[in-house]
Structures are given as C-alpha cells and as structure tokens.
Amino acid sequence: MNVRSRLARVAAVLAVVSLVALSPTPAHAEEYVTITGSGSTWSENALAQWRKNVASNYGMTINYSASGSSAGRSEFIKQTVDFAVSEIPFQTESTPDNPTPESGMPPYKYMPIVAGGTSLMYNLKIGGKRVTNLRLSGEVIAKIFSGQISKWNDAAIQADNPALAMPDRDITPVYRSDGSGTSAQFTLWMSKQFGTIWTQGMRSQFPQVNASFKGQSGSLGVAGYVSQDYGEGAITYVEYSYAMKSGFPVAKVLNNAGYYVEPTFQSVAVALMSAGINADLTQNLDGVYNSGDPRSYPMSSYSYMIVPTALNKTFTEKKGKTLGKFISYMLCEGQQQASALGYSPLPMNLVQAGSDVMSSIPGSGGGIDFSACNNPTFKAGDSPSNNQLAATAPNPPDCDKRGPTQCVEGTGGAQEATDATGSGGVSGGASSADAGAGTTTTTDPAAAAGAQAAGSEPVYDANGNLVSGGGAVNAATSLPFTIAEGGWGPQAYVMLAAALLLVGAILVPPLVLRRRGSGARH
C-alpha cells in the first residue's frame, strides 16, 4: 500500500470517528428496565398514548394489558405485574357482587393518574338521519339501565328532547360483561342518586337485567357493538375517549343546576373541584354528583394506579426507577394530552397527592419537581384550590338548560348538527365539545392529540424532549449541546478532541503529500 493510500485511509477513519463523536447525545442518558401493568380499560387510551410517548422520548418499555380493573387488582395481589390500574379500590368485604373479599395485597398505595367522565354512547336515527344531540336526565338513565324504560319514544325521554320526535324503537342497553371499574363507577352513581330505581348497589359485575340487555367484554366490546349497523337503538356506558375514537355521539346528562352537559375535559375539571379525597387517596364523589355549578358533568371521576411501596418477588428498585419516571411524566407532561384523548387533566391537589405516593416507591428517587411540571391545570405560584381549566371553562348555552329549547349541535365523536324534528331546536353557537376548548373532531385520539397541538407553541419537558405543540407530538427532539454549569465536562472534552481530529484529518494529509512530492523532485 503506497503512502498516499495509507494517508487517505487514515483520514477517512478519523473523519468517521469525528462524526460519531459529534453526533448529538443526551447529556443525561438514563437506562430503564421493562415494567408491566394491567387493569382498567377506562384509562387505556390515555395509557396507550403515554406509553408511546415515553418509549419515544426516554427509551422506556411499559407493557400494559387492559384486562379490566378486577383482573388488574387480582394480578397485583398475585405479584405478576408491577402496577395495576383500577377505578375502584380493593374490595376487602364480602358482597353479592364480590363474594370473595380481596386479600393478601403486597404493600401498596393508590395514586390518581387520569380524570374523565363516564359517558353514554348511543346509536339512534330519526327518519334515517343520525341523532347527535340526545339529552337524558339521571332518572331516565337509571330507568333505562334498570329495565324500566324500554322505548326511545317513552314520554320521559321525549320530555328531555323537545327538538326531537323520538322514534318508536326498542332500546338495547349494552353493558360490560366482564368485571369492570366502569361498571362500578356507573352503578355507584345510580345507587347514590337514584337508589329507589337502581336497587342493586355498586356492581363491578353488571347484571343481566333482562333479555333486551346485551353484554360485551371490555370498553372496545361495548363501543364496538353500539357503533355497528345492528347496534341502532343501542346505548352503553363507556369512557368518553371511546366515543370520540368511534366517531359516535354521547348523551348530554342533566346536572344539579338544571343544564344538560357533555363530559368534556372542562366540565369534568369543574365537577372534580367538588370531589372529596379520603386519607388513602380514594375518592368521595358525592359533591361531584350534586355540584351546583352549571358547567359540571355529574358522572366525573378519576382512575387509580395501584403501586408497590416495598420490594416484592417481582418488583425491584430498578423497576421503581422506571415506574417513578413514568409517573412523573404522566402527572406532568402527559396531562397536556388528556383533553385531546377524551379525558380531563388532573388538578394540582391530585398531582401533589400522586407526588407523595411516588416518593414512597422504592427506587423512584423522590417526588415531582413542581418547578418543571408542565401540567395544564396549574401554573407557577398556584395553590391546590385553583384549577386553570375550571376557571376558564365556558358556561353551557341557554338552549342546554332544561326547558322548551334544545341545542342542535353534535357531541363526542359526532360533531354534525341534528335537524330538529320537534319544536325548540336552536343553535347554541358552538358544539359543547368545542366551546372555548380548541379541540378537534377526529375518530383517532392520537391524531386528535397531534391536531390539537399543531400550530401551538412547542412544549418541551425537563430533558428537552418535545411533548406537544409546534406541529408535532410524540417526537423526541435532539438535545442541544451545552457546557455544564461547573465548566468543561467529559462530553465537552470529547467533542473538542473530535473537532481537532477532524481538522487534522482534513489539513494534515495534503501537507504531508505536498512535502513528499517536493522531496521527490529534489
């Protein structure tokens, strides 16, 4: 090999080394182990998005099986998962719904992760055209799901809907056939508010009331049944996000102030300002059900993550580190996407409670850094009694007040207006889902998150990763190189050396070759 070839090869190697050294790398690269959880379908859409985000931004692998709240609690007891998600706490007493009390739990705590409204998704047509603005009082809802109202043109339903000539069609109530926190939340609300109509108490296992009731497994199952052609006339209770994803409307529910309200992220935020929080972080929703604020949605609640507070046969400190980072993301940056996914962001008091729980997880490294917590419900200097979303939530339009008028605008995933077939159909000016919210209509929650963020100011987390805005979501941005506050660190020296090598690779070979050529001529 001649000298010219050898020098060219050396220059090429130096250039490659230099380019590798100059590649942007995170200033604080972290290593995480895989963790696994199971449980709630109510929270599944939010968890799916957050898991995707942390995989992109931090290289985390968070496995989650939406097996239902009951199954999640059972697997946590067996220590086959690292965490569980449930809408109801452990059932430690024997009831007709739960004949075998849950026991043998490893040390644990409840932690709030996402708030939302249990919605009533339906499939109804009048004259071949889809209804998107149905309104229902709580009493009517309880009578439908207890089998006491079976026709859509029942006088009580007609009274709720003056702008619609309700059709003579059978109602098909669709319920969760598996053990479900959604069933528990829905039946708890009915038993608390309409106990003389719904007499079976809180039930995580919804009963087969009569032959007209159709049981389906999981939130996808009930939403899927209602959304099919054969589901015309059907109604189910399901998370708002599933109605949005399916492109179907939800019923506006009559609140204690006399307004029919949709479970938007703002109406849930308002309602949860009246929630009571027990010492163990379980929720007391009596104030939510009876809120006198006209903007509140009465079936609002939040979901629990059940986390270990001690090492066990599967949970290690390395898993605690990963779980702690995931929790920090969920309670802060992740809440920015909650509204686009069909949920409501957690307020500051619940984030503080979650931070305290996070501190008790082995290996987590402590609680939330509130100075860097980009949660949309509070800003620097706020107190837990404030809620930025609740303070700015719009009032419902006058046509949504109980009476002779009815708003024609659509709801949920079906924003098109419904033609009035009765009397009193008027426009409220904007659909309740869009009023003051800036949300977008889409059948895909992930796309909705992207659409909502597009055009807004980019928001980065503490490590410089893009979490929303700037026309992109879920994209991990490269981190700019900065010199550490304490002066030159190892990365700075490596990059300086790489730069010098690159300069040498470019300048030295020509000089050597020129000198050798000059010597050969002499």
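1. A short note on the packing of aromatic side chains
Evaluation of the coordinates by the stated rule reveals 21 aromatic pairs. Between Phe186 and Tyr237 the ring centres are 4.7 Å apart and the planes differ by 20°, which places this aromatic pair in the stacked class. One end of the pair, Phe186, is in helix α6 (residues 181–193); the other, Tyr237, is in strand β10 (residues 234–239), with 51 residues separating them in the sequence. Tyr237 matches Phe186 in its accessibility class, with the two residues each being buried. A cation sits over an aromatic face here: Lys321 above Tyr32, 5.7 Å from the ring centre. We note Lys325 situated over the ring of Tyr58; from NZ or CZ to the ring centre the distance is 4.8 Å.

2. Digging into the pattern of salt bridges
One pass over the structure, following the stated rule, counts 14 salt bridges. With a closest N to O distance of 3.1 Å, Arg73 and Glu102 form a salt bridge. With Arg73 in helix α3 (residues 69–78) and Glu102 in the loop between β3 (83–86) and β4 (108–122), this residue pair connects regions lying 29 residues apart in the sequence. When sorted by exposure, Arg73 lands in the same class as Glu102, which is buried. Salt-bridge contacts for Arg176 lead to Asp178; the nearest nitrogen and oxygen are separated by 2.8 Å. We note that Arg176, like Asp178, is buried. Within the structure, one salt-bridge network assembled from shared partners comprises Lys151, Asp168 and Asp170.

3. Looking at helix α12 (residues 348–359)
Since the α-helix advances by 3.6 residues per turn, residues separated by three or four positions end up pointing in the same direction. End to end, α12 covers 17 Å across twelve residues, agreeing with the expected 16 Å (1.5 Å per residue, within 8%). Burial in α12 covers these residues: Met348, Leu350, Val351, Ala353, Gly354, Ser355, Val357 and Met358. For α12, the elements touching its buried residues are β4, β13 (276–277), β15 (300–308) and α11 (317–331).

4. A few points about helix α9 (residues 265–272)
The element α9 is extensively covered by neighbouring structure, given that eight of its eight residues are classed as buried. Listed as buried for α9 are Phe265, Gln266, Ser267, Val268, Ala269, Val270, Ala271 and Leu272.

5. Quick look at the environment of Thr411
Checked against the element boundaries, Thr411 lands in the loop between β16 (406–407) and β17 (425–426). Assessed through its relative accessible area of 0%, Thr411 is described here as buried. Along the primary structure Thr411 and Gly247 are separated by 164 residues, whereas in three dimensions their C-alpha atoms are 9.6 Å apart. Polar side-chain contacts of Thr411 include one of 3.0 Å to the backbone oxygen of Thr132.

6. Considering the pairing of strand β2 (residues 62–65)
Across the two faces of β2 the burial differs, with Ile62 and Tyr64 buried and Asn63 and Ser65 not buried at all. Note: strand β1 (residues 35–39) against β2, four bridges, orientation parallel. In the sheet register, Ser38 faces β2, and the bridge partner there is Ser65. Handedness of the β1-helix α2 (residues 44–58)-β2 crossover: right-handed.

7. Remarks on the packing of helix α4 (residues 138–145) against α6
Here α4 crosses α6 at 120°, and the two axes come no closer than 10 Å. Considering how the two elements wind past one another, α4 and α6 form a crossing that is left-handed. Taken together, the residues of α6 that come into contact with α4 (itself represented by Gly138, Ile141, Ala142 and Phe145) are Phe186, Trp189 and Met190. Taken together, the residues of the contact of α4 with α6 sort by class into six nonpolar, one polar and no charged.

8. Some words on unusual backbone geometry
One non-glycine residue, Gln79, lies in positive phi territory at about 60°. Judged by relative accessible area, Gln79 falls into the buried class, the value being 18%. Positive phi is not limited to glycine here, since Leu281 has a value of about 75°. Mapped onto the elements, Leu281 comes out in the loop between β13 and β14 (283–284).

9. Notes on the side chain of Gln91
For Gln91, the location among the structural elements is in the loop between β3 and β4. Within the structure, the side chain of Gln91 is placed 2.8 Å from the backbone oxygen of Pro89, a separation counted as a polar contact. Gln91 has contacts with Arg73, Asn98, Pro101, Glu102 and Met202, leaving out every residue within four places of it along the chain.

Definitions and cut-offs
- Residues numbered from 1 in each chain as written.
- Predicted model: local features only at pLDDT ≥ 70, side-chain atom pairs only at ≥ 80, totals over all residues.
- Heavy atoms only, no water.
- Phe/Tyr/Trp six-rings, centres within 6.5 Å; stacked < 30°, edge-to-face > 60°.
- Helix = DSSP H or I, 4+ residues; strand = E, 2+ residues; numbered from the N terminus.
- Buried < 20%, exposed > 50% of the residue type's maximum accessible area, 1.4 Å probe, protein only.
- Lys NZ or Arg CZ within 6 Å of the ring centre and 35° of its normal.
- Salt bridge = Lys/Arg side-chain N within 4 Å of Asp/Glu carboxyl O.
- Expected span 1.5 Å × (residues − 1).
- Contact = heavy atoms within 4.5 Å.
- Polar contact = N/O pair within 3.5 Å; in protein donor to acceptor, adjacent residues only side chain to side chain.
- Pairing = 2+ DSSP bridges.
- Right-handed = clockwise from strand over helix to strand, strands pointing away.
- Axes fitted to C-alpha atoms, helices over the stretch in contact; angles between N-to-C directions.
- Left-handed = near helix turned anticlockwise from the far one by under 90°.
- Nonpolar A, V, L, I, M, F, W, Y, C, P; charged D, E, K, R; others polar.

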